[in-house]
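Okay, here's what each chain looks like letter by letter:
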Amino acid sequence: MKNYHIILSSNSPRRKELLAGLDLDFEVRVIKGVDETYPKDMPVMDIAEYIAARKADAYKAELTGNNLIITADTVVVLGNMVLGKPKNLDDACAMLRLLSGKTHHVVTGVCLTTAVKQKYFSVVTDVTFKELTDREINYYVGRYKPLDKAGAYGIQEWIGYVGVTSISGSYFNVMGLPVQRIYDELCNF
């Protein structure tokens, strides 16, 4: 990867930490106000990848030389419903009640973009929660305030310790960045 100047387009401390775990040199650069809407008839499993590509498009004008930008978006999918970031603490509690006792999909779309090439992909992880009590939900939301997390939870936080009964797929994907797949894609880019 020495041929590229890697840029991570994310304010997420989790994404920064995960990408740093690959021992890559990178900088963080974020364009504010990128439109993250998607067509209402889009299949739910395609939404994260679509938004990651839209984020990448916002950088195309400034990509020159050996710059390679990584954009990503994570959504939680329950049935045919997409759970993004909660609007407020009540919304966070409502999301966790929906996820309680069920298996859902965490989908992270990633886009790798240079001035001449673009590669995008999605990684899906299935996560199952036990039946969460209102007391557990209220404690977690009140203490951790997960307003910056899709589905209103961080698997690496208290609710993940006490509530997640099984996971199928990449744990790091649930945290917000499927680093193993990103590593493979960067090696083959």
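Every chain's residues receive numbers from 1 upward, in the order its sequence appears when written. The predicted origin of the model limits local features to residues at a pLDDT of at least 70 and limits the giving and counting of side-chain atom pairs to 80 or more, whereas totals for whole chains, interfaces and linings rest on all residues. The basis for the side-chain values is all heavy atoms of the structure; hydrogens and waters are excluded.

The next thing to look at is the packing of aromatic side chains. Only Phe, Tyr and Trp rings are paired, with Trp represented by its six-membered ring, and only when their centres lie within 6.5 Å; those with planes under 30 degrees apart are stacked, over 60 edge-to-face, the remainder tilted. Scanning the entire structure with this criterion turns up 5 aromatic pairs. Ring geometry for tyrosine 140 and tyrosine 144: centres 5.2 Å apart, planes at 25°, overall stacked. Taken as a pair, tyrosine 140 and tyrosine 144 lie in helix 4 (residues 134–144) at a separation of 4 residues, close to a single helical turn. Since its relative accessible area comes to 29%, tyrosine 144 is described here as partly exposed. Should the NZ of a Lys or the CZ of an Arg lie within 6 Å of a ring centre and within 35 degrees of the ring normal, that charge is described as sitting over the ring. Taking the ring centre of tyrosine 38 as reference, the NZ or CZ of lysine 40 above it sits at 5.0 Å. Above the ring of phenylalanine 189, the side-chain terminus of lysine 117 is found at 4.5 Å from the ring centroid. Runs of E in the DSSP output that reach at least two residues are strands. Runs of H or I that reach at least four are helices, and both are numbered from the N terminus. Three labels apply to residues, based on accessible area from a 1.4 Å probe with only protein chains included: buried if under 20% of the type maximum, exposed if over 50%, partly exposed otherwise in between.

Before going further, it helps to spend a moment on helix 7 (residues 179–187). Here helix 7 has its buried residues at Val179, Ile182, Glu185 and Leu186. Buried residues along helix 7 cover an arc of 120° about the axis, so they all sit on one side. By definition, residues are in contact when any of their heavy atoms lie within 4.5 Å. Summarising the contacts, the buried residues of helix 7 are in contact with helix 1 (13–20), strand 3 (67–78), strand 5 (103–113), strand 6 (118–129) and helix 6 (171–175). The arc in question is traced by the directions running from the helix axis to the C-beta atoms.

Once that is clear, we can look at the pattern of salt bridges. The rule for a salt bridge is simple: a side-chain nitrogen of Lys or Arg has to be within 4 Å of a carboxyl oxygen of Asp or Glu. On inspection of all chains with the given rule, the structure shows 12 salt bridges. A salt bridge links lysine 149 to glutamate 157; the nearest nitrogen and oxygen atoms lie 3.4 Å apart. Like lysine 149, the residue glutamate 157 is buried in the burial classification. Salt bridges sharing common partners tie together Arg14, Asp148, Lys149 and Glu157.

Geometric descriptors of this kind do not, in isolation, establish any biological role.
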